[in-house]
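# Reading the structure
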Amino acid sequence: YELFRFKKESINHIHFISFIILELSYFLTAIYFVNQFVIVNFNNLILVVIGISLFINVLLNLLINIISPNKVKAHLSVVTLYMLNVFLCSSLLAVFFYSNIFIGELPYLIFAIIFTFISLIQIVIILNPKLSNWAKLENVKNEDGTTSLIRPKLFVLSFSEWLTYFLFNLMIIVLLITMFVL
């Protein structure tokens, strides 16, 4: 029993430490972006909004992991804002890179296409009609003839959250690449 409890506590500590490192890396990426692009081009409104949106995404990502899913209204509010903000940030990044294609460099076009792709996937996730019915349970007949309610095999809300989280991480990785390539 003591060994099991030690393993469980050490896994929780490792999870917490890795979560803090990941959040810190998001925060440092946002600071680096603001330092590289926004401070230099402060008159460019798109870059200012992207910088603010990145910091809001970092905060919302932190809140998603802090707020318990049992607090449904708070969790849904934060997840909805997170999904919309990932869409806003990726679409503004796409607009920014499309607006800089006139420079004639191929990387701007490539990054614009990547961010457009991320934006399109995110808007499909947001507009998924099954997402509005995430709380519905399925009726299942048991062998003894009784019926019971179970959660669907594919839980749409959590699946959408994980897809958004993946897209946010992809957006951060591509953003880091753009900061070092351009």
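Residues numbered from 1 in each chain as written. Predicted model: local features only at pLDDT ≥ 70, side-chain atom pairs only at ≥ 80, totals over all residues. Heavy atoms only, no water.

Moving on, we come to the pairing of strand 2 (residues 147-150). Relative to strand 2, strand 1 (residues 138-141) runs antiparallel, the two sharing 4 bridges. Along strand 2, the bridge assignment pairs V140 with S148. Hairpin connection of strand 1 to strand 2: 5 residues between the antiparallel strands, including G145 at a positive phi of 95°. (Pairing = 2+ DSSP bridges. Helix = DSSP H or I, 4+ residues; strand = E, 2+ residues; numbered from the N terminus.)

Right, let's get into the packing of aromatic side chains. Counted by the stated rule, this structure contains 9 aromatic pairs. Relative to Y108, the ring of F97 has its centre 5.9 Å away and its plane inclined at 45°; by these criteria the two rings are tilted. Residue F97 is found in helix 3 (residues 72-99), and its partner Y108 is found in helix 4 (residues 106-126); the two are separated by 11 residues along the sequence. Taken as a pair, F97 and Y108 share a single burial class, namely buried. Centre to centre, the rings of F97 and F111 are 5.9 Å apart; their planes meet at 50°, and the pair counts as tilted. Here F97, found in helix 3, pairs with F111, found in helix 4; they are 14 residues apart in sequence, far enough to count as distant. Neither residue differs from the other here; F97 and F111 are each classed as buried. Following the ring pairs from residue to residue traces out a cluster consisting of F96, F97, Y108, F111 and F115. (Phe/Tyr/Trp six-rings, centres within 6.5 Å; stacked < 30°, edge-to-face > 60°. Buried < 20%, exposed > 50% of the residue type's maximum accessible area, 1.4 Å probe, protein only.)

In this section: the packing of helix 3 against helix 4. Two elements in contact, helix 3 and helix 4, have axes separated by 8 Å at closest approach and are oriented at 155°. Relative to helix 4, the element helix 3 is oriented roughly antiparallel. Remark: the crossing between helix 3 and helix 4 carries left-handed chirality. Each residue belonging to the contact of helix 3 with helix 4 can be placed in one class, and the counts come to 18 nonpolar, 5 polar and no charged. (Axes fitted to C-alpha atoms, helices over the stretch in contact; angles between N-to-C directions. Parallel < 35°, antiparallel > 145°, perpendicular 65-115°, else oblique. Left-handed = near helix turned anticlockwise from the far one by under 90°. Nonpolar A, V, L, I, M, F, W, Y, C, P; charged D, E, K, R; others polar.)

Taking 1.5 Å as the rise per residue, helix 2 (residues 45-66) with 22 residues should run 32 Å; its terminal C-alpha atoms sit 32 Å apart, in good agreement. Residues of helix 2 that are buried include every one of L47, V48, I50, G51, S53, L54, N57, V58, L60, N61 and I64, and no others. (Expected span 1.5 Å × (residues − 1).)

Axis separation between helix 2 and helix 3 bottoms out at 9 Å; the angle between their running directions is 150°. By the angle between their axes, helix 2 is roughly antiparallel relative to helix 3. For the pair helix 2 and helix 3, the crossing hand works out as left-handed. Here the residues of the contact of helix 2 with helix 3 are counted per class, giving 20 nonpolar, 5 polar and no charged.

Here the protein shows a mean pLDDT of 83. Residues at 70 or above account for 87%. Ranking the helices and strands of the protein by mean pLDDT puts helix 4 first, with 93, and helix 1 (residues 2-38) last, with 71. (pLDDT = per-residue confidence, 0-100.)

Tracing the chain through its elements places T29 in helix 1. On the basis of relative accessibility, which here comes to 5%, the residue T29 falls in the buried class. Beyond its immediate chain neighbours, meaning those up to four positions away, T29 contacts I172, L176 and M179. (Contact = heavy atoms within 4.5 Å.)

Once that is clear, we can look at a nonpolar patch on the surface. Judged by side-chain polarity, L24, F27, L28, I31 and F55 come together as a nonpolar surface patch covering roughly 420 Å² of accessible area. Here the nonpolar patch gets 4 residues from one element, more than from any other, and that element is helix 1. If you trace the backbone, L24 turns up in helix 1. By relative accessible area, L24 is classed as partly exposed at 48%. (Patch = residues over 30% accessible without salt bridge, like charges linked within 9 Å, V, L, I, M, F, W, Y side chains within 5 Å. Areas by Shrake-Rupley, 256 points an atom, 1.4 Å probe, with all protein chains shown as cover. Salt bridge = Lys/Arg side-chain N within 4 Å of Asp/Glu carboxyl O.)

To continue, consider the nonpolar core. Most often, soluble globular proteins have nonpolar side chains that are buried together. Ranked by size, the top nonpolar core spans 42 residues in total, and within it F33, I50, L54, L93, F97, F115 and M171 carry the most contacts. For this core, the elements supplying multiple residues, two or more each, are helix 1, helix 2, helix 3, helix 4 and helix 5 (156-181). With 11 residues, the top contributor of residues to this core is helix 3. Once you skip the residues sitting within four places of it in the chain, I50 turns out to touch F33, C89, L92, L93 and F96. (Core = buried A, V, L, I, M, F, W, Y, C linked by side-chain atoms within 4.5 Å.)

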